Amino acid sequence: MSPSRPLNPFHAATLWNRDGSGRWKGTLTPDWTQGKTAFGGFVLAGALRALQTLAGPDRQPRSISAALMDKLDVGGFTSEGEVLRAGKNVTVAEARVHQNGRHAATVLATFGVCRTSSVAFDEDQRPERPGAAELPEIPYLEGVMPPCQQHFETRYTDGSVPFSGYDAVECGGWIRLRHPKHRSWRCWTRFPSPSCNA
């Protein structure tokens, strides 16, 4: 990676180091926690980056699932990865995250080569919502919001803002990393919305 384009904080935090034994070592810092454990996206992204090295650069992630079985405390942890199956077009790999003798998470990912297909998809259109620039930013409230939230800028279009005491659980809006080099908006919503890039 070019020095002129520094890693954003999320990429840097989830870029685990591989040691000589075939394991990866990572560190969870307090700013990537949510409650008593790691923000789930931290675990999945780090495991996916590690497994990508096993699958190879010609295979792109196609699916990922995880079981977050135990908390991951602030501090060091290890992960081991294994290719469960590698075919002509698809690789399936698994990462297991351990800390202090505890099995904290298992992540299963499928990677595939890019191929042309005769199958056509009709992508659902995302619902009409105001653009991010038209909405107020929700400020990070230290001590009220999870520490990991300080890394993200959020703007709500639907439902209620977390920690507002509202009864409904549905919400939707725009989110992006605060890092100035990575400022693309992504939408999240309770509505079916496969096309969510701004």
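Residues numbered from 1 in each chain as written. Predicted model: local features only at pLDDT ≥ 70, side-chain atom pairs only at ≥ 80, totals over all residues. Heavy atoms only, no water.

Caption draft 1: Main features of the pairing of strand 6 (residues 75-86). Bridging between strand 2 (residues 23-28) and strand 6 involves 6 bridges; their strand directions are antiparallel. When the sheet's bridge partners are listed, Trp24 is paired in strand 6 with Ser79. Remark: 3 residues form the turn of the hairpin made by strand 6 and strand 7 (residues 90-99), two consecutive strands paired antiparallel. (Pairing = 2+ DSSP bridges. Helix = DSSP H or I, 4+ residues; strand = E, 2+ residues; numbered from the N terminus.)

Caption draft 2: Representation of the sheet that holds strand 7 in the model. Here 6 strands make up an open sheet; going across it, the order is 1-2-6-7-8-5 and the pairing antiparallel. With one partner strand each, in any of the chains shown, strand 1 (17-18) and strand 5 (60-68) form the two edges of the open sheet. Pairing geometry for strand 1 and strand 2, over 2 bridges, is antiparallel. Its bridge partner lying in strand 2, Arg18 is registered against Trp24.

Caption draft 3: Inspection of the nonpolar core at higher detail. Counting 28 residues, the largest nonpolar core has Trp32, Phe42 and Leu72 as the members making the most contacts within it. For this core, the elements supplying multiple residues, two or more each, are helix 1 (9-13), strand 2, helix 2 (40-55), strand 7 and strand 8 (102-112). Ranked by the residues each element gives to this core, the list is headed by helix 2, at 7 residues. Residues contacting Leu72, with those up to four places away along its chain left out, are Leu28, Lys36, Thr37, Ala38, Phe42, Val43, Phe77, Val97, Gln99 and Ala104. (Core = buried A, V, L, I, M, F, W, Y, C linked by side-chain atoms within 4.5 Å. Buried < 20%, exposed > 50% of the residue type's maximum accessible area, 1.4 Å probe, protein only. Contact = heavy atoms within 4.5 Å.)

Caption draft 4: The pattern of salt bridges, seen in detail. For the structure on display, the rule yields 12 salt bridges. Where Glu80 meets Arg23, a salt bridge forms, and the shortest distance between an N and an O atom there is 3.5 Å. Residue Glu80 is found in strand 6, and its partner Arg23 is found in strand 2; the two are separated by 57 residues along the sequence. Arg96 is the salt-bridge partner of Glu94, the closest N and O atoms lying 2.7 Å from each other. In terms of burial, Glu94 and Arg96 fall into one category: buried. (Salt bridge = Lys/Arg side-chain N within 4 Å of Asp/Glu carboxyl O.)

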